[in-house]
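Structural overview
In case you want the letters, here they are:
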Amino acid sequence: MAGSECALVRHFVSKAPAAVYYIPEFITPQEETYLLNQVYGVPQTKWTQLSNRRLQNWGGLPHPKGMVLEDLPQWLKTYADQIAKLEVFEGKVPNHVLVNEYEAGQGIMPHVDGPLYFPVVSTISLGSHTLLDFYAPMPIEDAVHVSQAASTSFEDRFMCSILLQPRSLVLVCEDMYKVYLHGIVERKADTVTHDVANLEKCQGLTMGDCLDRARRVSLTIRHVPKTVKAKLLFGTKR
Ligand SMILES: O=C(O)CCC(=O)C(=O)O
Ligand SMILES: [Fe+2]
């Protein structure tokens, strides 16, 4: 992306409840193919299989005592450096990437990314679109009656969706990171509705369109502020 195009204001999603920026076609189709080749070119042992998705962790394992920093491979570092220039990380360069792979029909439960990261997440989507859904947190008074609240809560607390098209970049900031939960519903297709807050930034789509999901790979690029040398975290006597 050319420097002059970097001003984020025009990518601001004004219909979201707090700061989200959505940049369609952040990377070219050639870069998308290149990144997918890199993701699938790593040794099988880099993959962790979860019940509803596979992932690769790069940069180190975030830990409350600090992350033992590992260099990002160049194919990820290039994008961490580009995203740093967008200035949402306040001068820091992202040092951690989670690669998530979802088959059509897979998703991720609503969650918050938590305090180990600088409170901004930047995500490049590869291969397929998805809908990233945002939810208000559970009210405190309900939290003590979790089992009752949980049965209806996500539907009641739904706030908006952001359509993540292949090759797009989304930046989730402020309360969208710190307060609201995000998740991806396990569905094979998504319908475009008024709930999609960034629809006006998605070319060629109209209300009511049905989009079939395919396999999606996401690069979740973040900054872990607290890093340590391996010796300090684990001690010397092991
Ligand atoms: O795949 C995505 O876009 C979301 C991933 C996510 O929320 C996470 O890894 O914490
Ligand atoms: Fe997340």
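Just above sits the structure.
Definitions and cut-offs
- Residue positions are given per chain, counting from 1 as you read along its sequence in written order.
- Lettering of chains starts at A and numbering of ligands starts at 1, both following the order in which they are written.
- Residue-level local features of this predicted model are given only where pLDDT is at least 70; pairs of side-chain atoms are given and counted only at 80 or more, and the full residue set underlies all totals for whole chains, interfaces and linings.
- Excluding hydrogens and water, the side-chain figures rest on all heavy atoms present in the structure.
- Note: metal donors comprise N, O and S atoms at 2.8 Å or less from the metal (3.2 Å for Na, K and Ca); water molecules are not included, so apparent gaps in a site are possible.
- Think of it this way: any DSSP run of H or I at least four residues long counts as a helix, any run of E at least two long counts as a strand, and we number them from the N terminus.
- The buried label goes to any residue with under 20% of its type's maximum accessible area, the exposed label to any with over 50%, and the partly exposed label to all in between, with areas taken from a 1.4 Å probe on protein chains only.
- By this definition, two strands are paired if DSSP reports at least two bridges between them.
- Whether two residues are in contact is decided by their heavy atoms: any pair within 4.5 Å suffices.
- Axes here refer to lines fitted to C-alpha atoms; in helices the fit is confined to the stretch in contact. Angles between the N-to-C directions go from 0 to 180 degrees.
- Note on definitions: the grid is 1 Å and covers protein atoms alone; a cavity is a set of points where a 1.4 Å probe fits but cannot get out; a pocket is an open set with protein on both sides within 12 Å along at least five of seven lines; lining residues have an atom within 4 Å of a point.
- Grid points are joined across faces, edges and corners, and a volume is the space filled by probe spheres set on the points.
- Three residue categories are used. Nonpolar comprises Ala, Val, Leu, Ile, Met, Phe, Trp, Tyr, Cys and Pro, charged comprises Asp, Glu, Lys and Arg, and polar comprises the others, including Gly.

Glancing now at the coordination of the iron ion (ligand 2). When a metal holds four donors in a tetrahedron, each ideal angle between them is 109.5 degrees; when it holds six in an octahedron, the ideal angles are 90 or 180 degrees. Those donors, H111 (NE2), D113 (OD) and H182 (NE2), are the protein atoms that reach the iron ion (ligand 2), and they lie 2.1 to 2.2 Å from it. One chain supplies every donor for the iron ion (ligand 2), spaced along it as H-x1-D-x68-H. Of this pair, D113 sits in the loop between β6 (108-111) and β7 (121-126) while H182 sits in strand β11 (residues 181-184); the two residues are 69 residues apart in sequence, bridging distant segments of the chain. In this pair, the class of D113 matches that of H182, namely buried.

When you tally the buried positions in strand β5 (residues 96-102), you get seven out of seven residues, the bulk of the element. Residues H96, L98, N100 and Y102 line one face of β5 and the alternating positions V97, V99 and E101 line the opposite face, and both faces are buried. In the sheet, strand β3 (residues 54-58) pairs with β5 via five bridges, with the strands oriented antiparallel. Counted as the bridge partner of L55 is N100 from β5. Of the strand pairs in this sheet, β5 and strand β14 (residues 216-222) are connected by seven bridges, and their pairing is antiparallel. Following the sheet pairing, N100 is matched in β14 by S218.

This part takes up the sheet that holds β5. Read from one edge to the other, the open sheet built from seven strands follows the order β1-β10-β7-β14-β5-β3-β2, with strand pairing classed as antiparallel. The outermost strands of the open sheet, each flanked by one partner alone, are β1 (20-23) and β2 (48-49). Inspection of the sheet shows β7 paired to strand β10 (residues 169-172) by four bridges, in the antiparallel sense. Paired with I124 across the two strands is L169, which belongs to β10. Helix-sheet contacts for helix α1 (residues 29-41) involve β3, β5, β7 and β14, and the interaxial angle to β14 is about 90°.

What follows concerns helix α2 (residues 74-84). For α2, the set of buried residues is W75, L76, Y79, A80, I83 and A84. Elements in contact with the buried residues of α2: α1, β3, β5, β7, β10 and β14.

Following the criterion strictly, the structure yields one cavity of 30 Å³ or more and no others. Here the largest cavity is characterised by a volume of approximately 40 Å³. Looking at the lining of the largest cavity residue by residue, the classes come out as four nonpolar, three polar and three charged.

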